Structures are given as C-alpha cells and as structure tokens.
Number of protein chains: 2
Amino acid sequence: MTATTLLNRKRVLMIPGPVEVSTAVLEQMAGPPTSHVDPNFINEFGEALEMLRTVFQCKDGQPFIIAGSGTLGWDMVAANLVEPGEAALVINTGLFGDRFGEALETYGASVTHVRAPAIGSVPTMDQVAAALRERTYKVMTITHVDTSTGVLIDVPALARVVRTVSPNTLVIVDGVCSVGGEELDMDAAGVDVTLTASQKALGAPPGLSVVMASQRAMSTFKHRVTKPTSYYASWAKWTPIMQAYEARKPSYFATPAVPLVKALHASLKQIVARPMADRTAYHAAVSDLVKRTVTAWGLRLVPQGLDLAAHTMTAVYYPEGVSGAKMLASLAAKGVTIAGGLHPQIATQYFRIGHMGITATHDEELRYVHRTLALLETALREQGYLQDATDSVTDAAVGAARVPASAPVPAPSMALRMRPKL
Amino acid sequence: MTATTLLNRKRVLMIPGPVEVSTAVLEQMAGPPTSHVDPNFINEFGEALEMLRTVFQCKDGQPFIIAGSGTLGWDMVAANLVEPGEAALVINTGLFGDRFGEALETYGASVTHVRAPAIGSVPTMDQVAAALRERTYKVMTITHVDTSTGVLIDVPALARVVRTVSPNTLVIVDGVCSVGGEELDMDAAGVDVTLTASQKALGAPPGLSVVMASQRAMSTFKHRVTKPTSYYASWAKWTPIMQAYEARKPSYFATPAVPLVKALHASLKQIVARPMADRTAYHAAVSDLVKRTVTAWGLRLVPQGLDLAAHTMTAVYYPEGVSGAKMLASLAAKGVTIAGGLHPQIATQYFRIGHMGITATHDEELRYVHRTLALLETALREQGYLQDATDSVTDAAVGAARVPASAPVPAPSMALRMRPKL
C-alpha cells in the first residue's frame, strides 16, 4: 500500500475505545437480524463464552456476556459479591477507581480507597498491605489500566499481597482497558473476577459488558446471605442463561444484543487463533513505538515511568505553548481521531491515543499507528513545536521500535518504516 | 416481485423481537467505528432523543437511550422512582408482570399484583380501582403488550382509574412489545414513564434500553430522599448525559453502544417521517390479516378476545394433534422463523408470530407476513390439519384483510393476494 492510498482511507479511530475493528467483525454487525434462540446463534454465543476462558486465562471461570457497557461490570461485582455493610478496598489510580468505589457504595459497601500519591503513579505494595491489615475486606478492586491516566498497575504483585495478608479477600480486576491487550493470566495471578467491555482490546463494537468470575467468586456468590441487590446485573438470573448457551440450549432472561455477540464471537475467533502472549507482545511493540516517538519529541507521559504505562493506550501531556483543542482538530481534519483528557484534575492538559485490537495486531493497522504519529508530528509543527532538526529523532524512534518476531506482522523495517509523506 | 424471487430471499425473522430491520438501519450497523464524542455522532444521538418524544408522544419528557436490554428499564423504574419500603402495584397479564414485580422487589419495593383471572385475559377496571383504594402506591405498572401471551391492555382506561382513585400514583408502562406499533400517547393518556427496547416495534437491533419519563416522574425522582439504588441504571448519572447529547455537547458516564444508537437513529428517522397514527394503523392491518387467517383455520388465539389481542404479535394455540416442534421446524426449514411459547404454564401449547417494524409498515414486508401465513398453512397441512376444502378460507381471509388507505403500502389486492406457490 502506498502512502497515497493510505491517506485516502477512511477515518481512523485511535482513541482508547471504541477501537477500529476487523472486517470479519463488521460483517457480523451487518448481517440480517437473527433470533436470540436461533441454533447457529446459540452455538456462536456458546463458543464466545468458551473462548473467553482462553482470553482471560481462567480455565474454570464462569463467563458473562451481557448487553451494557463496561460500567455494568462494576454493578455486577457490587450487587453479587458484596453484601450491604461489607467492606471493599479500592486500589485507586485514577477516575475509574473513584467510580468503581462509588458503584460499590451504591450497593451498600463500606469503601476504603488506597490512593496513588499523585496522578500518574500507583500506591506502593506496602500501602496496600497496610490497608489490608487494618480491616477485613470482602473484595479488593484493581483498575488494571486506568483509561483516564493510562496508568498500568502490577496485578500479580497486588494479588500476591492479598494472598499473603488477607487470603479470603476476593481480587477483582477492572480490565476494561486491558483484557486482550495487557498480560493477564487470571489463574496464575489468582484473580477472582475480571470485568471488561467489548470495545477495547477485545476488538468489537461497544455495547457488551464482559465478565469472568472464578469458581471461588461464584462460590462466594452462591453462599451470600442476602439476595443480589440488582435485577438486571443479577448473577442469579444470568448464570443459568450463560450455562444454557454453553450447553447449546435455548434460554431467556433478557434479549441479548445479538449482532454485538456475533461481532464479539468473530473477534474472539481471531484472538484465540494466535497465542495470547503474541497478542500482548504486539500491543507492547506498538505501545513502545508510540511512547518512544512522543518522548523523543520531548513530550511527557502522564504515567510517571514506562513501567507504569499501559500498552493499550498512551496518555501524554501537551507541550507548553501547544493548544490541545487545535492539535486534536488538526488530526481530526486529516482523518485521525485521538482523544482529549478525561481525568477531571488535568483534563485540558493532556491527550490520549488508543492502540489496541487490530491497530496493534494486524499488518495494515500498524500503518494506522504510524499515520497517527506522523499527523501528530505535523500538528505539533503547525503550532511551532518541533523544529526541522527533530525530524530525524522521529525516524530513529520509529526505526528502533521492537516488534515481536511472529509471522503475521511484517518485519519492523517494512511495517514501521513505511511512513506516509504528508 | 414474483413468488419465486420471494422464496429465494434471505431468512425471514417473524418473532416478537428481534425483528427484521430496514436497509438504512443495517447500513448504520455496518459503518466504521465511531467515537462516542464524534460531533456527528453527538448530533445523531441528540436527534434520536428528540425523535423519541414524537414516538412516545411525550412533549416534555426526558428520554434515555442506554446500552442494555428492555429489562434494564425495570431496574431504572425500580431504582429511581421507588424508594425502599414504598409500595408498587403491578397489573399482571403474564410473565412480564411477574418479572417487573420481581425487579421492583429486588430494589426494596413492597409489591402487590392485580392478576388477570386467567391466561389470555386482563384484570377488570373494578379490580384495579379496588386495589388502588386499599393502599397508597408510589407506582402502578402496566405491561402494554405482554410478549408471553400477546395480551394487549387498555392503558388510557387504566390511567384514568389511577387519576380518579389515586392521582399521586405514577403510571408506568412496560411498552417493550408496543412502542412504535400500538397506539400510545403518553401525554393524552397521562402516562409517567414508558420503557421499551430497540429490537421490537422501534425497528432496530437488540441492545438498547429506551425509556421516556414525564416531567412529573423526573420531579418525583429529584425529590427522592434516598439515593438511587442502582449505579448503572441511575438517572442521577444518565440525565446529565442525555441532556448533554441533546445540547450537542460531549459527555461521559459509560460508553454508549455507538452502532446501535446510530441504527436506532436511522429507524427513528423513518418512523417520524410519517404520522404515528399511520404506523399503528399498518400494524393493526397486518395483525388483523394474521388473526383473521389463523382463526379462519379454526385455531384459537391465546388472548381471550380480539379486543385483548396485541397488534404487534399474535399468540396462537396449536390445534389438537399438531406437534409444535414439528410445525416450527417446518417453517424454519423453509426460511421463516417464528417463536414457540414463553409463558411457563402453557409454553408447549402455543406459538407466537411477531409482525412489527418493517414487516408491518413496508411494502415488501407485507409479503413477508403473507409468506409466513402460507408456510404456516403448509406446516399445518403436513401434519394433517386443514384439508383441501379449507384452502378457500385462507384466500377469503387474505382478500378481506383491511389495510390503511395511505400511500406507501400497495392496495390490498396487490400486496396481500400475492401468495407464493409452495
């Protein structure tokens, strides 16, 4: 593909969800309406549930696919696993920790936050251990990647602290901006529930809440004294439905979002066709490319250190003197949509690029990332940031980007050097 | 279109939701991913909210479009309008009355049911008035069309009883199987909340909960003493978001199901392009055709009388000696999907045909209904029901079907007599 045809392509969506999706996924969206009890659909729904165990790396887990947004996953945790009055510990690395806490409180939980010392950082393991010693918590929640800050946290290390200090506490991971893009092995790490949404690194359109619960979490649910405190989010209602789909039997509680489930099924098929480790390596390689490039330009990441930075997205402060609104508009005018800030304390000071799903894992879409960086460079130059001399910095960063050796992606010299002329 | 090309068409979905959708709707599903804060999308979301006021006939209402199924609407009513311990009266005409009651109880309501004396019937106005006199109810819920029984209830008459006996009680309508197909003028009838879903007579795919609340309902919500008892279904969270979309401003609480909202927008544009009265007349005409035909064959409707029968769907008992499973399989094998029974007490004894959205309102889709009836006749004959002599009964019923005089649908002699040869 030449630079010219690349630039003639449709608009590119490079925000931290919704993301670009594959042709196979779009085809499912465009198909004729299907009954929610059609045998083919029941089979696809069942297969999707089964494939989720591979993606979440949770061999005996109970998967849920329910019409709704990622937020609904918080309601599921709060309404099914925490009984009114019980305590919840929130490891808070941004806006989404605040909100998960608010969701838990809505259903009667007594919530304590362990907050990162500053935006872009994470609480220390000592802080977490100390909090766990102070009180008996029913659940501890972790935002794997906080979409508002791009901060990544070490889930296995946190889970180890819980196992050591408070082994009965359930470990809950908000994986909305991570599952399918970041390394997460629920079984190995000892995670009890991971919740996510369809429109991020799972590579489908928005509209599905996707949750995986360990057998330990399901056992806690089954032994609760009070009834679940939500109707639509009740596992008492949904568990038999999910089990029926897996048994390839018709069932009904509420009508599923059929085309979205079919789209998710198509994306999951593409995901599980390759090792999960490859998938996370692709995301890491593209993330490295983006971060290496913008830091080479002298921009500063919101996460305070590369080890705290997500691989599914990049959150970057605007350099001094650059108007964020103008910069986003410049990219949008040329066909690439990136996102502004979301964390209320710094919302106008930074921008976010999403690079997950096919934009990280598929050949052509590596060029999407490259196109995004090229337009970003142009936008910065338009405002007088980056002088001619820095051009070579970009090229060097791009040339040095690490890409996994596996087959489906062309060699870095091919994929990453094909920089469109603007 | 000839009978032959008709029979060559894709499978036809004639269940009471999900329904066949228009090409314009499918095109929106197939479009490239769009940001939830894209200015074009914000505008479409805003327009969709505005058009809902026309469809629900609620001039000052507060509309909500939220990722989820119709069931989520029950949670919204229960978690936002009824405070724990308050009383709710459920006018119960089938499975969905039972379940709405269960949803209300989940959020702490004290629920009383006024039950229809038998499956297929409705409670009398005297029964309802007596119940309203016994206790002060915060809300009274009505299932406009019970999808499990096909029973239609007189919403304006019930609302009048409430206004007379207990004017402070909010009138809540579950319009999942009615909005866009049955006559419902919220303002004229004095209905406070109507909830529905995208995949029925609104003519879009499944995955959206669609709710309209009167200003009286919103005022009740604003003056509640306790906080809403759901997070994902909280109007405190969603009202500012819906108002922002209407003001064409970006906002965020949870990521909307972008393609579904675009699809709903496309369907609503087609709906409001014509008077709502025409739309309900088309649904009534197609419904009459189906009911006239099956009763002419000697089959018995589940609703006990035509005045109690929905116009969006038809629920029919299998005649004696006919295997339901075989009958449904016969239609499915020939490309038409209809639904089995859903009400647990009679599930195996009846079937359901959905005829809403484009299958009721668009030219070609009237032929879908006709094709469905023709295949149904074949299926009955395959099992020895309907002898040769009854053929003329079908023709007579079809010929006599009443269709509204408005332009877009061809004259009945054209549209309804074009019976495919099997």
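First, a word on what this report is: a plain description of the structure on this page. Since the structure is predicted, the reported quantities are computational estimates derived from the model, not experimental observations.

### Details of the pattern of salt bridges
Residues and elements named next belong to chain A.
Then, number 1: Counted according to the given criterion, the structure contains 16 salt bridges over all chains.
Then, number 2: Across the salt bridge formed by Glu382 and Lys334, the nearest N and O atoms sit 2.7 Å from each other. Here the residue Glu382 occupies a position in helix α15 (residues 363–382), and Lys334 occupies one in the loop between α13 (324–333) and β12 (336–337), the gap between them amounting to 48 residues.
Then, number 3: A salt bridge links Glu377 to Arg381, with the shortest nitrogen-to-oxygen separation between them at 3.0 Å. On the criterion of helical spacing, the pair formed by Glu377 and Arg381 is a turn pair, its members being 4 residues apart in helix α15.

### Observations concerning unusual backbone geometry
All names here are of chain A.
Then, number 1: The residue after Gly17, namely Pro18, is reached through a cis peptide bond having omega -5°.
Then, number 2: Note that Pro18 resides in the loop between β1 (12–13) and α2 (23–30).
Then, number 3: Notably, Arg248 is not glycine yet its phi reads approximately 60°, a positive angle.
Then, number 4: On the secondary structure map, Arg248 appears in the loop between α10 (235–246) and α11 (258–272).

### What to know about the side chain of B:Thr337
Then, number 1: The topology assignment puts B:Thr337 in strand β12 (residues 336–337).
Then, number 2: Judged by its relative accessible area of 14%, B:Thr337 falls in the buried class.
Then, number 3: Looking at B:Thr337, its side chain comes within polar contact range of the side chain of B:Arg11, at 3.3 Å.
Then, number 4: In this structure, B:Thr337 is in contact with A:Ser35, B:Arg11, B:Val12, B:Leu13, B:Met14 and B:Ile15, ignoring residues within four places of it in sequence.

### What about the sheet that holds strand β13 (residues 339–340) of chain A?
Sheet strands pair by backbone hydrogen bonding; their relative direction is either parallel or antiparallel.
Then, number 1: Read across the open sheet, the 3 strands follow the order β11-β14-β13 (chain A); overall the sheet is antiparallel. Bordering the open sheet on either side are β11 (313–317) and β13 of chain A, each of which pairs with just one other strand.

### Thoughts on helix α4 (residues 71–81) of chain A
Then, number 1: The element α4(A) is largely enclosed, with a buried count of 11 among its 11 residues.
Then, number 2: A:Thr71, A:Leu72, A:Gly73, A:Trp74, A:Asp75, A:Met76, A:Val77, A:Ala78, A:Ala79, A:Asn80 and A:Leu81 are the residues of α4(A) that are buried.

About the thresholds
- What you see as residue numbers is a count from 1 along each chain, following the sequence as written.
- Each chain is given a letter, starting from A, and each ligand a number, starting from 1, according to the order in which they appear as written.
- Given that this is a predicted model, residues contribute local features only at a pLDDT of at least 70 and side-chain atom pairs are listed and counted only at 80 or more, while totals for whole chains, interfaces and linings are drawn from all residues.
- Remark: hydrogens and water are excluded; side-chain values derive from all non-hydrogen atoms of the structure.
- Whenever Lys or Arg places a side-chain nitrogen within 4 Å of a carboxyl oxygen from Asp or Glu, that contact is recorded as a salt bridge.
- Under the scheme used here, helices are H or I runs from DSSP no shorter than 4 residues and strands are E runs no shorter than 2 residues, and both carry numbers assigned from the N terminus.
- Burial classification: accessible surface area is computed with a 1.4 Å probe over protein chains only, and a residue below 20% of its type maximum counts as buried, one above 50% as exposed, and the rest as partly exposed.
- What qualifies as a polar contact is a pair of N or O atoms within 3.5 Å, subject to a donor-acceptor requirement within protein and to the restriction that residues adjacent in sequence count only when both atoms come from side chains.
- Whether two residues are in contact is decided by their heavy atoms, any of which lying within 4.5 Å being enough.
- For two strands to be treated as a pair, DSSP must find no fewer than two bridges joining them.

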